[in-house]
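# Summary of structural features
Chain by chain, the residues:
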Amino acid sequence: MKIIFLGPPGVGKGTQAERICERFELAHISTGDILRANIKNGTELGKAAKSYIDKGELVPDSVIIDLVRDRLTEPDAVKGCLLDGFPRTVAQAEALEEFCDIDAVINMDASVELLIERITGRRVCRNCGATFHISRLAPDAACDKCGGELYQRNDDKLETIENRLKVYTAQTSPLIEYYTAKGLLKSVDGEKHIDTVTEEICAILEQL
Ligand code: AMP
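Reference entry: report on the structure contained in this document. (Residues numbered from 1 in each chain as written. Predicted model: local features only at pLDDT ≥ 70, side-chain atom pairs only at ≥ 80, totals over all residues. Heavy atoms only, no water.)

## Let's talk about the overall build of the protein chain
Counting its regular elements, the protein chain contains 10 helices and eight strands. Over its C-alpha atoms the protein chain spans a radius of gyration of 16 Å, differing by no more than 12% from the 17 Å that the globule rule assigns to 208 residues. With the C-alpha coordinates aligned to their principal axes, the bounding extent of the protein chain is approximately 45 × 40 × 35 Å. Out of the 208 residues belonging to the protein chain, those deemed buried represent 45%. Summarising the internal contacts of the protein chain: among those between residues at least 6 apart in sequence, 72% fall at separations of at least 24. Computed over 26 positive and 35 negative side-chain charges, the separation of the two mean positions in the protein chain equals 3 Å. (Helix = DSSP H or I, 4+ residues; strand = E, 2+ residues; numbered from the N terminus. Rg over C-alpha atoms; globule rule 2.2 N^0.38 Å. Buried < 20%, exposed > 50% of the residue type's maximum accessible area, 1.4 Å probe, protein only. Contact = heavy atoms within 4.5 Å. Lys, Arg positive; Asp, Glu negative; His and termini not counted. Charge placed at Lys NZ, Arg CZ, Asp CG, Glu CD.)

## Quick notes on the pattern of salt bridges
Tallying each qualifying case throughout the model produces 16 salt bridges. The partner of Arg-36 in a salt bridge is Asp-33, with the nearest N and O atoms 2.8 Å apart. Taken together, the residues span about one helical turn, with Arg-36 and Asp-33 both in helix α2 (residues 31-40) at a distance of three residues. Note that Glu-200 and Lys-192 form a salt bridge whose closest N and O atoms lie 2.8 Å from each other. Residue classification places Glu-200 among the partly exposed residues on the basis of a relative accessible area of 27%. By relative accessible area, Lys-192 is classed as partly exposed at 37%. A single salt-bridge network, built from bridges that share partners, covers Arg-122, Arg-153, Asp-155, Asp-156 and Arg-164. (Salt bridge = Lys/Arg side-chain N within 4 Å of Asp/Glu carboxyl O.)

## Section: helix α9 (residues 174-181)
Residues of α9 that are buried include every one of Leu-175, Tyr-178 and Tyr-179, and no others. Axial view of α9: buried residues confined to an arc of 85°, hence all on one face. Seen from the buried face of α9, the exposed residues on the opposite side, beyond 90 degrees, are Glu-177 and Ala-181. Tucked into the core, α9 has its buried residues touching β1 (2-6), α6 (90-99), β4 (104-109), α8 (158-172) and β8 (185-189). Positive phi shows up at Gly-183, right after α9, with a value of about 75°. (Arc of directions from axis to C-beta.)

## Let's talk about the pairing of β1
Most of β1 sits out of view: four of its five residues are buried. Of the pairings in the sheet, the one linking β1 to strand β3 (residues 81-84) comprises four bridges and is parallel in character. Residue pairing for β3: Lys-2 is matched across the bridge by Cys-81. (Pairing = 2+ DSSP bridges.)

## Observations regarding the environment of Glu-18
You can see Glu-18 is positioned in helix α1 (residues 13-24). Separated by 64 residues in the primary sequence, Glu-18 and Leu-82 have C-alpha atoms spaced 9.5 Å apart.

## Quick word on the sheet that holds strand β2 (residues 27-30)
Paired through their backbone hydrogen bonds, the strands of a sheet run either parallel or antiparallel. If you trace the five strands from one edge of the open sheet to the other, you get β2-β3-β1-β4-β8, paired in parallel fashion. The open sheet has two edge strands with one neighbour each: β2 and β8. Each strand of the sheet is rotated relative to its neighbour by a mean of 20°, with strand direction disregarded. Relative to β8, β4 is paired through five bridges, and the arrangement is parallel. Counterpart to Asn-107 in the pairing with β8 is Ser-187. Packed on one face of the sheet, helix α10 (residues 194-206) meets β1, β4 and β8 and runs near 160° to β8. (Axes fitted to C-alpha atoms, helices over the stretch in contact; angles between N-to-C directions.)

Structure below.
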């Protein structure tokens with residue numbers, strides 16, 4: 001099974017992706033995570049991507065397409081994968097079609113107010129990348145999975161979020177129509193409880 005998670009920043013794609021990948025034994029391919037790992041390791045790709053990410057802009061299509069094309073040739077991805085945060089433009093979606101057959105696109109959405117609240121409250125483990133929300137964290141809490149330090153992503157700060165949401169509307173949301181036209185789009189209400197969203201996605205995937 002090969003699926004795409006589509007939706008604005010903060011809607012819960014990453015959290016849901018972790019659960020769904022475990023349940024359906026899919027490789028979790030998050031382009032944002034791959035880029036952040038490259039920044040952390042100081043690679044050329046990381047250096048090139050950082051300025052775009054920090055401004056809330058998209059990394060150029062050609063860079064991302066090459067990255068995903070390579071990743072999809074790895075054995076775990078060949079067996080089945082969930083693309084989280086890719087494609088983000090129509091050009092990326094068109095390129096993907098050349099090297100991968102997608103079974104379904106799960107589209108999640110939520111109000112702008114809720115997205116902002118979720119993004120500004122998000123904290124990420126510097127070590128393992130697990131995400132948390134401040135409303136469920138004690139002050140000075142560490143990662144409950146590995147004990148790593150929690151931090152706020154630069155691009156999760158309020159000044160950058162507005163641009164990320166604008167970029168989503170302008171460049172990524174046209175994919176809703178794109179995948180609807182192909183009969184692949186399934187929508188889920190991202191405002192519902194985290195467990196309800198998981199169950200709804202599972203129900204969709206079990207029908208495939
Ligand atoms: P995410 O973790 O998915 O929110 O991605 C964080 C940032 O990485 C985005 O705001 C973009 O700057 C960059 N990025 C991730 N995926 C893509 C993509 N498919 N195309 C372009 N830029 C991306």
